[in-house]
Amino acid sequence: MRDTNQAIIRGAAIVAEEADASTIILAGWLPDERRQLQALLRDRRVISARRPGADPRSLDDGEMLNLPQVRLRRRGRAKIALLEALASGMLNPGERVVVISGDAANGDVQLDTIAVMDLDGESAGDNGLGPLALLRQAADPASFDAVLTMCVDIGHDGREGKPVGLLVTLGDHDTVLRRSHPLVLNPFAGHDEAARSIMNASGRRALQEFSGMDGAFIIRSDGVILAGGRYLQDVGSPTSVPAGLGARHRAAAGITGSTASIAFCVSESNGDTRVFGGGRLLMTIERND
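Reading the values: rules and limits
Residues numbered from 1 in each chain as written. Predicted model: local features only at pLDDT ≥ 70, side-chain atom pairs only at ≥ 80, totals over all residues. Heavy atoms only, no water. Helix = DSSP H or I, 4+ residues; strand = E, 2+ residues; numbered from the N terminus. Expected span 1.5 Å × (residues − 1). Buried < 20%, exposed > 50% of the residue type's maximum accessible area, 1.4 Å probe, protein only. Contact = heavy atoms within 4.5 Å. Axes fitted to C-alpha atoms, helices over the stretch in contact; angles between N-to-C directions. Left-handed = near helix turned anticlockwise from the far one by under 90°. Nonpolar A, V, L, I, M, F, W, Y, C, P; charged D, E, K, R; others polar. Core = buried A, V, L, I, M, F, W, Y, C linked by side-chain atoms within 4.5 Å. Pairing = 2+ DSSP bridges. Phe/Tyr/Trp six-rings, centres within 6.5 Å; stacked < 30°, edge-to-face > 60°.

Asker: Break down helix 9 (residues 247-258) for me, citing the residues and quoting the values.
Answerer: The terminal C-alpha atoms of helix 9 lie 16 Å apart, and with 12 residues this matches the ideal 16 Å at 1.5 Å per residue to within 8%. Residues of helix 9 that are buried: His249, Ala251, Ala252, Ala253, Gly254, Ile255 and Thr256. In this structure, the buried residues of helix 9 make contact with strand 6 (166-170), helix 6 (173-178), strand 9 (225-232), strand 10 (262-266), strand 11 (273-277) and strand 12 (280-285).

If you want it as structure tokens, here you go:
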């Protein structure tokens, strides 16, 4: 264990005690640091990242999070860890949470940041997270993780090395399909569900291959891709989209304001990934986070 990591863990334990935090999130695969936290904070929950490459659906290793295998920096790791914990139901309204994160630009996670977050029923501190129920009800945690990871990957790497934009809806598929129409022939029609699942490599490859096409991709709550190239209609004119974001982001906000879905939007211009729910922006994961 790095000496700096050990010092950060000791400091985080003091902060958690003083702040009376119920849960500590360790945003990295750091088994030694996790054990140290558990020894220091026996009466508090410790949630950490799962080993890279582990099955995201596994329940055998306790309360673990899946973080995308891209070189996320401290802010990105903390943001995704919070989203994953909220979507999986590990966090609850009213909790105070300590998030420990750091820079993984060189591969290993070097901890350097401790943040205290208060989760209420409508928001989660200063990060702009919306109602917790939105993230829990839209899809199962494994599907949420797979879509978020894929979007962050596409934001970082693009398609064949070129930047692409992407809009994906997850959950409440019947309503989303009713409130949209095809711009092109559906490339996913007629294929087996296993081949269209975002949980499988074939489904992820297919979505990445078609990521440059116009329109939205509609994904069922269990991760099955139902359609691509859909124009989202009857979504109103959302006013909560930050200035400077385009039609793809307005459509993402609009469809989540009129359905129970979550929308993920990757910006073609800068690779940032944004998550929308309840008609508004929940969180931005910048490409350089």
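Following the structure, the description resumes.
Asker: Please provide a residue-by-residue account of the packing of helix 1 (residues 3-19) against helix 2 (residues 31-40), values included.
Answerer: Two elements in contact, helix 1 and helix 2, have axes whose closest approach is 10 Å; the angle formed by their N-to-C orientations is 35°. Classified by chirality, the crossing of helix 2 by helix 1 is right-handed. Across the interface between the two elements, Asn5, Gln6, Ile9, Arg10, Ala13 and Glu17 from helix 1 touch Glu33, Gln36, Leu37 and Leu40 from helix 2. Counted by class, the contact of helix 1 with helix 2 contains 4 nonpolar, 3 polar and 3 charged residues.

Asker: Provide a residue-level description of the nonpolar core, including the pertinent values.
Answerer: One finds Ile25, Leu91, Phe144, Leu148, Leu166, Ile262 and Phe264 to be the most contacted residues of the largest nonpolar core, which totals 52 residues. With 9 residues, the top contributor of residues to this core is helix 5 (residues 141-157). Ignoring sequence-local partners within four residues, the contact set of isoleucine 262 consists of Leu134, Leu135, Ala138, Phe144, Val168, Thr169, Leu170, Thr256, Val275, Phe276, Gly277 and Leu282.

Asker: I'd like a description of the sheet that holds strand 3 (residues 64-65), backed by residues and values.
Answerer: If you walk across this open sheet you meet the 5 strands as 3-2-1-4-5, and the pairing is mixed. A strand with exactly one partner marks an edge of an open sheet, and here the two such strands are strand 3 and strand 5 (110-118). The pairing of strand 2 (residues 45-49) with strand 3 spans 2 bridges and is parallel. Within the sheet, the bridge partner assigned to serine 48 lies in strand 3 and is methionine 64. Strand contacts of helix 1: strand 1 (23-26), strand 4 (96-103) and strand 5, with the helix running at about 10° to strand 5, the strand carrying the most contacts.

Asker: How would you sum up unusual backbone geometry? Please name residues and give values.
Answerer: Glycine aside, residues mostly have negative phi, and peptide bonds are mostly found in the trans state. The residue glutamate 160 is not glycine, and still its phi comes out positive at about 55°. Mapped onto the fold, glutamate 160 is located in the loop between helix 5 and strand 6. Not every positive phi belongs to a glycine, and aspartate 172 is a case in point at roughly 50°. Among the structural elements, aspartate 172 can be located in the loop between strand 6 and helix 6.

Asker: How would you sum up the packing of aromatic side chains? Please name residues and give values.
Answerer: Evaluated as defined, the whole model comprises 3 aromatic pairs. Consider the rings of phenylalanine 188 and phenylalanine 217, whose centres lie 6.1 Å apart with planes at 80°: the pair is edge-to-face. Remark: phenylalanine 217 occurs in strand 8 (residues 216-219) and phenylalanine 188 occurs in the loop between strand 7 (180-182) and helix 7 (193-196); sequence separation between them is 29 residues. Neither residue differs from the other here; phenylalanine 188 and phenylalanine 217 are each classed as buried.

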